[in-house]
Amino acid sequence: MNREKRYVMVVDTRLCVGCKACVLACKAENNTPDGYCRDWIVEDIWGLFPNLRAEIRSERCNHCSNAPCVDACPTGASHKVDGGIVLVDHDLCTGCKACIASCPYDARYVHPDGYVDKCTFCAHRVADGKTTACVAICPTKTLHFGDANDPQSEVAQLLASRRHKVLHPETGCEPNLYFLT
Amino acid sequence: MLPTLLEHTTTRINAEIDPALHIWGWEIAVYLFLGGLVAGLLILSSLLLWKPREQTPSRILQFAPLLALVLLSLGMGALFLDLAYKLHVFRFYTAFRPTSPMSWGAWILVLIYPVAALSGLLALGPDARAWLLKKLPLAKVLAWAERKRQALLGATLAGGVGLGIYTGLLLGTLTARIQWNTAVLGPLFLTSGLSSGAAFLLLFKLDEVDRHRLVRWDMLALVVEAVLIAAMLLGFANAGAAGQLAADALLGGAWTASFWSLVVVMGIAVPLLLEGIEIKKHLPLVAVTPTLVLLGGLALRAVLLAAGQDSGFRMLP
Amino acid sequence: MAMQRREFIKITGMTALGVAAASSVVLPKASQAAVDPGTDGDHTVATFCELCFWKCGVLAHVKDGKVTKIVGNPDHPLSRGALCPRGTGGTGLLYDPDRLKKPMIRVGERGQQKFKEVEWGEALDFVAAKLKDIAAKHGPESVAMFAHGFGGSFFKHLLNAYGSDNVGAPSYAQCRGAREVGFQLTFGSALGSPEVIDLENSRAIALIGSHLGENMHNTQVQEFAKAIERGAQLIVVDPRFSTAAGKARHWLPIRPGTDLALLLAWIHVMLNEGLYDRDYVEKYAVGLEQLKAHVADKTPEWASLETGLEAAQIVDSIRVLAGARPAALLHPGRHTAWYGDDAQRARAMAIVNALLGSYGRRGGIYYPTKLGVPKYPGIPDYGHKFKPAPDRPKGKAFPFADESLAHGLRDASIPGTAEYDIKAWLVYGTNLMQALPEPKKTIEAIQHLDLLVAIDVLPAEIVGYADVVLPEATYLERWDDVVVTPYKEQYIAVRQAAVKPLYDSKPGWWIAKELANRMGLAAFFPWNDAAEMVKARLTAGKFDVESVLKKGVALGARKPVFIEDGAPAVFATPSKKIELFSQQLADAGLDPLPKYTPPEEPGPGQFRLLMGRTPTHTFGRTTNNRFLSEIYSENELWLNAQVARELGLENGAQVRVVNQDGVKSTALRLKATQRIRHDCVFMVHGYGHSAAGLNFAKGRGADDAALVTRTKVDPLFGGTGMSVNFVAVERV
């Protein structure tokens, strides 16, 4: 059967210790300039001492199915490729920053070279059949990457069996970064 | 129910993104302001020149459309300055992306140039035309334009309206910014553009009828602007947590002081009052009122631009 | 609603512009492939990490002679392909612009950090001559070495050949020593590193003051997460709502210093409610009756008053832990030098594990196994008996210390205070100014030395006090010895140079060998370089050298490590049993069962100073690493938010702390948080550097070690309890 792929990342917040290995592995893999990151760790704490609850999330571009950045881009630089991965074509980008403003997750930034940059789901690795750098490094197996449209995939099974959420579903962007809770 | 979120930390420290989004500075504020002003100038000059006049219009009216193009070029210059990848500016014109207001804007701007330039020729009085024809072989063009006068003025008017709304939509479609997530922004920027256009013309010598008309139009625009701002705030009040956040910035947050003092009081209320007095008492308050209106228009863009960038979803639970 | 609005605006936009949505035109079309950032190496080198001391296997990607990135080695049992954040940061060390670049000899006063750069020959001649002179005058045992890091093994070898075995690592008396002593006394065996615990199969795990997840020992955190994924229950005892506490079923925010009260109450409940492995205890343990009597009055209600915890939570938490026995683990911890009764606390923790029946069991503590590799084949015997270390004050006995006390060797440098004087220090890769308590005493001791040699990669504070500075190559630029680790799986691993040493730095082997040559000890360094030595060892051990070097690791056959799988239940105590009651301690005149002493209370306006880790750093060693500092570049002072409000301090304020002896810290940022008790403050260790050469780390955050002006000494082994200092917080 020839179905369209939908790459997603599944983040198990129960396992994540917020060690930031994903952040640094991404920086090393993608040669991200100093002072910038494509993924990051958020820690949320609810409550008052001693009744506290914590959630740690490894966040990045959501590669939204209904991506506002792609819509906002005047030149076609922000675009979708196979599996729904959202990429920025450096050659087409004017650095107008409309995409940055359009992203509810603030996942993008201007690369010092002028173009807008962000997580690529390591598309260059995925094309080689490898997983993303952040997934590969993760010591707690918090991160999972794969094709949600393939029912046999780990991500599809996790989403089928575990309680999960996305961030800001109210934006209607249909994000593809899922958080197991 | 979730207990209150008390502590939120992130490792992300991307420049211009964190801790608060700040990707657009004065360049875009100026661009939006000049865009609105140009829109206003094009609309008003088209309306004022709609019917051919027997008397030569005042000098500023003759040159208004061409002046608008100069201002538009300045605005585009500001936009250009903001681009992070300036060498790729031509990429705006190797694509048309109907979902992207930025793309629409880029194309509207280039479409406006020929239309407004032709209107500009029409607006010129006999002396100016004669002078121009001596310098440039435009006789045929001018004749053609005269034949299409209504159509050209109509197109200029439409272009102005499009440009005015576009400057608002540019921000308004960026719904990730809660502050901009309001349908009012397009009409608000258009109205503000009209009022700025009127104010700009009022800075110059006009004949009494035009002047009177423009003052009245400006007053009307200012009132509509005030109503739209009220509508925007009311809209926020009815939009849950996100609206609360959007309203907070203007009603009790970082941007409250500048918004109320510069935009509402100095940019709308005081000029309205002064123009009211001017109309009633026939007092010539030449430069002060229009200057305030123009500064108010610039402040409106600057404040909403800054407050809006600062109002991301990250602030919501 | 927002979605509709977005659509609405889009539609209004279109209509207002008076154009029906046209289809998108993009010329040229955007590229369908992502740009390859090109960080894959043209080859990879399998080696192991030294950003901390866990020794995870890594693959260094090398391209055009530069290390482009470092990833986990999937064949290595400690990394299993994954790495902690520091592992990736090896490039930040290798390419640190502040590295020591040339040998240096001191020209100013000690500590003035004034040096002249010299050639290796001159530096080595100087050191060798000085060492020979010291041996002649004071005996070779008057030379001590302080070390942290695997590369130190060659210098230990050199020192042993020279005639001294006085090697002190702050990782013992200032860190994990208490735990080793407590478990050794109880089970007859220490836990080592990696700790011989089978976290991944635990059904319930209790942590006491151990903050796994912030403390990023790769394999252990991997297993910790795996246990959580498998539904293990977690109990976290910590005054701070640590990362681990955020995942716990029970978080016990204990009053600092009262852990032993909690442990005794837990034992009380276990014995009272029969929540222990009767057969196991009957078969393998001695002293149950004495233990029962000892804890008879240590009720949860009693402990509640001491610990500030609710009695019900004390009971519930131990029921959860004990309910999973024997696949239940009270984690022994690692940094355990807290309150001076630390070895006894570790004893109590060992006793809990004994009652759980977890020693030798799956999901508990396993019997490690290791591969045999001949040590330095063909090297002559050292040929001398080493004098016992003068690592304690004259006449003072710490009967259960089984490693040298680093602070004791320091103190022995102050003439006349120990059995004999230490006259020279070799300091390898350990910044004694931050690693030892009472830094003033360290400075005083240094003033009495005839020689201080620092072998290091970066100009840490201690380097500034050296007479001679020898710049070592980083772990990515050198070969080291073969590592043979007792672990669940048998394996050996090699460290191989990925790139050539930068600047004029040299591998540790080369430095040690060159010194040996100059000191008449050449016979002990018969190989030209460490690579030759490693190959000789591997060949002698009958390993396939090529395969080991390719994979970086060689695995041995699986051996049973749990009693249920056939591992023999051995307890190397005098009784050959688990000693709940310790006759050894009784014979030494010490408490044979752990006794609780209430801790000192902080005075008004004072807070107990606690310290810990952040996942991206290995204390002061990595704080100059710019790559790692992208995440965390300065430490913060955690203070309870309510207390902060009362003190008029807002989150993010610049503050400093002042300890009971008036020592002031440098400024650091306040983290006013719900995540910590009201009676203590917390900071990450390793900040507040002052060394002039640490251009990045210098002046960032505050140094907790400087505030440790007093310690409580453990009577069992001489460890220095350091969480006994109190500080006030003030705005800068």
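Residues numbered from 1 in each chain as written. Chains lettered and ligands numbered in written order. Predicted model: local features only at pLDDT ≥ 70, side-chain atom pairs only at ≥ 80, totals over all residues.

1. Notes on the sheet that holds strand β9 (residues 164-165) of chain A
All names here are of chain A.
No. 1: With mixed pairing, four strands are arranged side by side in an open sheet as β8-β1-β10-β9. A strand with exactly one partner marks an edge of an open sheet, and here the two such strands are β8 (143-147) and β9.
No. 2: Both strand β1 (residues 7-12) and strand β10 (residues 177-180) contribute to a ladder of four bridges, which runs parallel. From the neighbouring strand, D12 faces β10, where its bridge partner is L180.
No. 3: Where helix α6 (residues 154-161) meets the sheet, its contacts fall on β1, β8, β9 and β10, and the angle it forms with β8 comes to roughly 110°. (Pairing = 2+ DSSP bridges. Helix = DSSP H or I, 4+ residues; strand = E, 2+ residues; numbered from the N terminus. Contact = placed C-beta atoms within 7 Å. Axes fitted to C-alpha atoms, helices over the stretch in contact; angles between N-to-C directions.)

2. Let's talk about the nonpolar core
No. 1: Core analysis: the largest hydrophobic core is formed by 412 residues, its most contacted members being I137 of chain A together with V681 of chain C.
No. 2: Of the residues forming this core, the biggest block, 15 residues, is contributed by helix α1 (residues 26-48) of chain B.
No. 3: When residues no more than four places from it in sequence are discounted, the contact partners of V681 of chain C are F607, L609, L610, L637, W638, L639, V657, V727 and V729 of chain C. (Core = buried A, V, L, I, M, F, W, Y, C linked by C-beta atoms within 7 Å. Buried ≥ 20, exposed ≤ 12 C-beta atoms within 10 Å, placed from the backbone.)

3. Observations concerning the interface of chain A and chain C
No. 1: At the interface, 44 residues of chain A touch 47 residues of chain C.
No. 2: Listing elements by their share of the side of chain A that touches chain C, those giving two or more residues are α1 (21-30), β2 (39-48), β3 (51-60), α4 (123-126) and α5 (133-137) of chain A.
No. 3: No other element matches α1 of chain A, which puts eight residues into the side of chain A that touches chain C.

4. Comments concerning the sheet that holds strand β17 (residues 483-484) of chain C
Residue and element names in this part refer to chain C.
No. 1: With antiparallel pairing, three strands are arranged side by side in an open sheet as β17-β18-β19. A single partner strand is all that each edge strand has here, and the edge strands are β17 and β19 (553-555).
No. 2: Pairing between β17 and strand β18 (residues 491-493): two bridges, direction antiparallel. Following the sheet pairing, V484 is matched in β18 by I492.

5. Observations concerning the pairing of strand β24 (residues 668-673) of chain C
Residue and element names in this part refer to chain C.
No. 1: With five of its six residues buried, β24 lies for the most part within the structure.
No. 2: Pairing of strand β22 (residues 636-640) with β24 involves five bridges; the strand directions are parallel. Across the sheet, residue L639 finds its bridge partner in β24, namely A672.
No. 3: Across two bridges, strand β23 (residues 654-659) lies against β24 in antiparallel orientation. Paired with V655 across the strands is L668, a residue of β24.

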